[in-house]
Amino acid sequence: MGELGKLHQLIIPFFGHNITINLEVVLMTWIVISALLLFGFIAGKNREMLPRPIQALGELIVSQLYGLTEDALGKEYAKTYSPLICALFIFLLFSNWLGIIPHLEEPTKDLNTTLGLGIMGFVIAHYAGIKSKGFKAYAKEYFQPIFFMMPLNLIGEIAKIVSISFRLFGNIMGGSIIILVVSHLVYSVALPPFLYAFFGLFVGTIQAFVFTMLTVVYISVQVK
Amino acid sequence: MTVDTQTIVSVAAYAGGGLAMGLGAIGAAIGEGYTAARANLAVSRSPENSGEIFKNMLVGQAVAESASIFALVIAILLLFLDVPQPTLLKAAALFAAGISMGLGAIGSGVGSGYPGGEACFGISRQPAAASQLTTNMLIGSAVCQTPAIFSMVVALILMFLNLGNSAVNPTWAAYLGAGISMGLAAIGSGYGGGLAAGASCAGIARQPKTAANVTTTMLVGQAVSQTPSIFGLLISFILMFKTFPATGSISAAMALLAAGICMGFGGIGPGIGNGMAAEGAVRWVARNVESAGDLMRIMLVGQAVSQSTAIYAMVVSLVLIFVL
Amino acid sequence: MAIEGVDIVKAAAFIGAGISMGLGAIGPGVGEGMVAAKACEAIGKNPKEAGLLTRTMLVGQAVSESTGIYSLVIALLLLFVV
């Protein structure tokens, strides 16, 4: 039970402030990134008309997510944004599944990861909105329905970042705490594999999909 | 009149036990009543299947009862728990354990009545699908119990927590907050999960061929509906395991209690709302199985958006715990 | 233990913030769930319009969420300003 709340941190003093780096999270993120690079490299090497299983898997993921983006954004935007959406989904999927391997932890358990991804989605969505509508039409939306609603509309937009990132963080963190505590209560007999299957694989997949879908939806609300 | 600590601990444990069973009985009673009512309706529609319906009703009620059985276990433990070193903090923890279990059993109890009732009614419509219906009902109402199980875990931890030497003043509020947070947040998720499971039993009775799609949609919808109760669990774990520095001020204690109240109430609405969304999706997957993919996607997006208020509540709770 | 007035005011502000956000979250949660349920019904009846219906649902949910955001604003004001 002592594992709860233990963090390996590197603290660098910087002009009177402390820069804190969560070493474990950085390491886990790099593990996910290198696994994805390896997967992409193997799936993309020696492409053939009759795909090998791993190439077929890659094509399946890409085409499914392309279709998803196309449904929400339309043909013209899908070409621009589907690589981002695809990368986001498989990154989150691998991240959420990483916890089922012993000694490894989900990078999405750290609020910094999810908040970073949430802010990224927010910036991209608003950039897309300004680009497609022009700045004037974009800014005008904040003054709907009456001008003094502006601060509340602004807070509503910022609350979207909070909700998308805390949703992922809360689910993954909650799941891993439940696994830890319940395994401890039953002395790690019988139950842990099922808990990992439910919270790690099932909930992890759903939350990765939800995060990706919401990013697509935020972009589509901005561009249309 | 002087009251020693042992007496206070006993008072808290007995009061907690009473609340655990008293509140815990509400949900299961309503749920089982609903199951029985639908079973009666089903028998009046097709008396020739009354044996099958009766059997299904009893199985459904037995599963729906588990939430109140958890409450009974916690209540009995609270009544006969032997506390070796009575402290005021232990008293707060025992009372909070009772609240967590009592409130936490309400939602799951009411919710798991729906799949039972709809399965009984479904058998009268489609007697051939009886075994499919019973299986689906069992899966649905078992998943419904998850929030009640979370509450039981929190109650057990509160009861058997090794308190060490935490300071009495803010920590009593942290334990109470942990119990309230988990107990209230479990209500919405349990009820919502039940709505989804009920719709799936009704859907299978309407179109037995779509059973696989309907069950999958139900499970995904229920898993997302658990999210508010997972947030409640997260807040209550933080409140239980974080060490708070000793203080004489009342505002530090109230901040922790408010964190629990905020997350607890904040989890109710989104849990029910998520359940409604899942209910709608499951019902229409059964009627229009070709667009199951679209329905699943819009259900997930709709649920995710309707969770945002629970997330705001979690953020306010985290601010209350960590920032202030 | 001497209890000061400032302390009591702060305690009340914290409790108020908790209640504001907690109770304020119930309504939007249920309401947005209803919107999602009806959107599912609409897609079940008319699957071709899935894209349009999704956007309509999101706009409706955003509007019904505004009361939740008011609660959040009041809670944060109580915590940090008052």
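Each value, and the rule that gives it
- Residues numbered from 1 in each chain as written.
- Chains lettered and ligands numbered in written order.
- Predicted model: local features only at pLDDT ≥ 70, side-chain atom pairs only at ≥ 80, totals over all residues.
- Contact = placed C-beta atoms within 7 Å.
- Helix = DSSP H or I, 4+ residues; strand = E, 2+ residues; numbered from the N terminus.
- Nonpolar A, V, L, I, M, F, W, Y, C, P; charged D, E, K, R; others polar.
- pLDDT = per-residue confidence, 0-100.
- Buried ≥ 20, exposed ≤ 12 C-beta atoms within 10 Å, placed from the backbone.
- Pairing = 2+ DSSP bridges.
- Axes fitted to C-alpha atoms, helices over the stretch in contact; angles between N-to-C directions.
- Parallel < 35°, antiparallel > 145°, perpendicular 65-115°, else oblique.

Asker: Even after reading the chapter, I still don't get the interface of chain A and chain C, so can you show me in this structure?
Answerer: A common way to express how large an interface is: the accessible area buried when the components associate. On the side of chain C, seven residues touch chain A, which itself brings nine residues to the contact. Elements with a contribution of two residues or more to the side of chain A that touches chain C: helix H2 (53-73), helix H6 (150-185) and helix H7 (192-223) of chain A. With four residues, H6 of chain A is the largest single contributor of residues to the side of chain A that touches chain C. For the side of chain A that touches chain C, the class distribution of residues is six nonpolar, one polar and two charged.

Asker: What should I look at first to understand the interface of chain B and chain C in this one?
Answerer: If you look at the interface, chain B gives 47 residues, while chain C gives 43 residues. At the level of elements, helix H10 (250-287), helix H11 (292-306) and helix H12 (308-323) of chain B are the ones that each hand at least two residues to the side of chain B that touches chain C. Looking at the side of chain B that touches chain C element by element, the count peaks at 25 residues for H10 of chain B. Considered class by class, the residues forming the side of chain B that touches chain C number 27 nonpolar, 17 polar and three charged.

Asker: How do you make sense of the confidence of the model for chain B when you look at a structure like this?
Answerer: When pLDDT is low, close inspection of the predicted coordinates is not appropriate. Across chain B, the average pLDDT comes to 91, with 99% of residues at 70 or higher. Ranking the elements of chain B by mean pLDDT puts H11 of chain B last, at 90, and H10 of chain B first, at 94.

Asker: What am I meant to see in the pairing of strand S1 (residues 9-14) of chain A here?
Answerer: Every regular strand shows the same layout, with side chains that alternate between the two sheet faces. All names here are of chain A. Burial runs low along S1: only zero of the six residues are buried. The pairing of S1 with strand S2 (residues 17-22) spans six bridges and is antiparallel. Counterpart to Leu10 in the pairing with S2 is Ile21. Following S1, the chain reverses through two residues before pairing antiparallel with S2; Phe15 in that reversal takes a positive phi of roughly 45°.

Asker: Would you mind going over the packing of helix H4 (residues 88-125) of chain B against helix H5 (residues 130-144) of chain B with me for this structure?
Answerer: Residues and elements named next belong to chain B. Axis separation between H4 and H5 bottoms out at 9 Å; the angle between their running directions is 175°. Comparing the axis directions of H4 and H5 gives the class roughly antiparallel. Between H4 and H5, the contacting residues are Ser108, Gly111, Ser112, Pro115, Gly116, Ala119, Gly122 and Ile123 on the first element and Ala130, Leu133, Thr134, Met137, Gly140, Ser141 and Cys144 on the second.

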